[in-house]
Amino acid sequence: MTILVLGGAGYIGSHTVYEVINNGEDVVVIDNLQTGHEKAIHPKARFYKGDIRDREFLDNVFKKEKIDAVIHFAACSLVGESMEKPLKYYDNNLCGTKILLDSMVANGIDKIVFSSTAATYGEPERIPILETDKTEPTNTYGETKLSMEKMFKWVGQAHNIRYVSLRYFNACGAHNSGEIGEDHKPESHLIPLILQVPNGKKEFISIYGDDYDTKDGTCVRDYIHVTDLAQAHILAVKYLQTGGQSDVFNLGNGVGFTVKEVIETARKVTGHPIPAKITPRRAGDPAQLIASSDKAKKILGWEPKHDSLEEIISTAWLWHKNHPDGFNK
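Residues numbered from 1 in each chain as written. Predicted model: local features only at pLDDT ≥ 70, side-chain atom pairs only at ≥ 80, totals over all residues. Heavy atoms only, no water.

To continue, consider the side chain of His-306. Here His-306 lies in the loop between α9 (294-299) and α10 (309-322). A polar side-chain atom of His-306 sits 2.6 Å from a polar atom in the side chain of Glu-311. With near-sequence residues (within four places) excluded, His-306 lies in contact with His-225, Thr-227, Asp-228, Glu-311 and Ile-312. (Helix = DSSP H or I, 4+ residues; strand = E, 2+ residues; numbered from the N terminus. Polar contact = N/O pair within 3.5 Å; in protein donor to acceptor, adjacent residues only side chain to side chain. Contact = heavy atoms within 4.5 Å.)

Set out below in structure tokens:
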């Protein structure tokens with residue numbers, strides 16, 4: 001089976017490519033390297049540098065390679081930037097997906113697994129969040145991802161394309177080999193930001209608000225190891241290969257940790273004091289985001305294996321300690 005991974009040089013994309021290849025499948029990667037890193041691409045994957053908004057480029061890849069299924073990570077994903085540059089997000093995320101679907105329909109490709117987000121829910125009505133809960137995004141990023149899901153639904157009905165949309169929570173950690181890990185410019189994720197302190201890149205970690213209605217006043221999030229996310233994408237492809245119908249699944253551990261708990265665990269893992277400072281709340285940060293992943297476990301047979309916060313931070317630290325400048329070492 002040959003799987004096309006769009007955005008396969010990015011953080012979650014590159015980890016998924018590693019897992020797919022470890023499973024014995026053939027992988028083709030497309031990435032424009034806007035935010036991805038060529039060094040993150042598995043040496044056994046065939047790489048095409050290009051943009052999913054380029055229809056001719058996509059058609060050429062589909063004609064050259066016999067693709068059985070697509071895994072789609074190619075999207076802009078910074079919440080703050082999406083509010084400042086909404087048109088960039090509509091252009092890349094929505095227009096790119098529209099052109100991708102045009103090419104898939106024309107070339108007879110009928111299965112796609114889509115990297116969605118918990119940001120499609122907005123402020124949660126209840127914890128844990130279920131797939132059937134209302135979707136009212138509070139930022140442009142979440143809105144474009146929800147619009148992409150709806151595009152798959154209607155195009156799927158018209159052209160017999162089946163899709164799985166995976167809405168995940170806080171992706172974190174790194175490959176256990178230490179070969180690849182998280183490298184964003186700018187970095188916006190909590191765990192790599194915390195680890196910049198023991199790495200000598202920052203003097204302290206900022207905690208945005210300590211007056212939330214949680215056990216220690218800081219925000220609670222559901223952290224899911226990137227390798228567990230990768231495995232879910234493989235299971236979703238298999239589900240479609242064996243005739244599964246289009247569906248949406250949450251991916252999380254179902255357990256929430258506060259910002260203070262994450263910092264405390266990082267202190268334990270790194271042996272560094274990691275000073276922290278309380279700063280004002282950020283706009284639009286919900287107090288708690290925790291997923292119910294019962295549906296993915298039941299239907300896809302997914303089971304997170306790297307769910308201890310200590311293991312998650314240990315794998316991240318192995319990567320960041322040995323690659324303090326990311327892939328540009």
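Okay, the packing of aromatic side chains next. This model, assessed by the stated rule, comprises four aromatic pairs. Ring centres 6.1 Å apart and planes at 90° place the aromatic pair Tyr-239 and Phe-249 in the edge-to-face group. Of this pair, Tyr-239 sits in helix α7 (residues 226-241) while Phe-249 sits in strand β11 (residues 247-251), placing them ten residues apart in sequence. On the accessibility criterion, Phe-249 (0% relative accessible area) is buried. Ring geometry for Trp-319 versus Phe-327: centroids 4.8 Å apart, planes at 50°, classification tilted. The buried category is assigned to Trp-319, whose relative accessible area is 0%. Looking at Lys-277, its charged tip hangs above the ring of Phe-204, at a distance of 4.3 Å from the centre. (Phe/Tyr/Trp six-rings, centres within 6.5 Å; stacked < 30°, edge-to-face > 60°. Buried < 20%, exposed > 50% of the residue type's maximum accessible area, 1.4 Å probe, protein only. Lys NZ or Arg CZ within 6 Å of the ring centre and 35° of its normal.)

So, about the sheet that holds β11. Read across the sheet, seven strands follow the order β3-β2-β1-β4-β5-β6-β11 without closing on themselves; strand pairing throughout is parallel. Each edge of the open sheet is held by one strand with a lone partner, namely β3 (46-49) and β11. Sheet twist, expressed as the mean angle between neighbouring strand axes with direction ignored, is 20°. The sheet contact formed by strand β1 (residues 2-6) and strand β4 (residues 69-72) spans four bridges and is parallel. If you follow Val-5 over to β4, its bridge partner there is Ile-71. In this fold helix α1 (residues 11-22) packs onto β1, β2 (26-31), β4 and β6 (162-168), with an angle of close to 165° to the strand it touches most, β2. (Pairing = 2+ DSSP bridges. Axes fitted to C-alpha atoms, helices over the stretch in contact; angles between N-to-C directions.)

Two side chains of opposite charge can pair, provided their charged atoms sit close to one another. Under the definition given, this model contains 19 salt bridges. Here Asp-26 and Arg-46 are joined by a salt bridge, their closest N and O atoms 2.8 Å apart. With a gap of 20 residues between them, Asp-26 in strand β2 and Arg-46 in strand β3 connect regions that are remote in the sequence. Here Asp-26 falls in the partly exposed class, since its relative accessible area comes to 28%. In this structure Arg-46 comes out as partly exposed when scored by relative accessible area, which is 31%. Note that Arg-282 and Asp-285 form a salt bridge whose closest N and O atoms lie 3.0 Å from each other. Classification of Arg-282 by relative accessible area gives partly exposed; the value is 42%. By relative accessible area, Asp-285 is classed as buried at 18%. Among the charged side chains, a salt-bridge network with shared partners connects Asp-26, Arg-46 and Glu-65. (Salt bridge = Lys/Arg side-chain N within 4 Å of Asp/Glu carboxyl O.)

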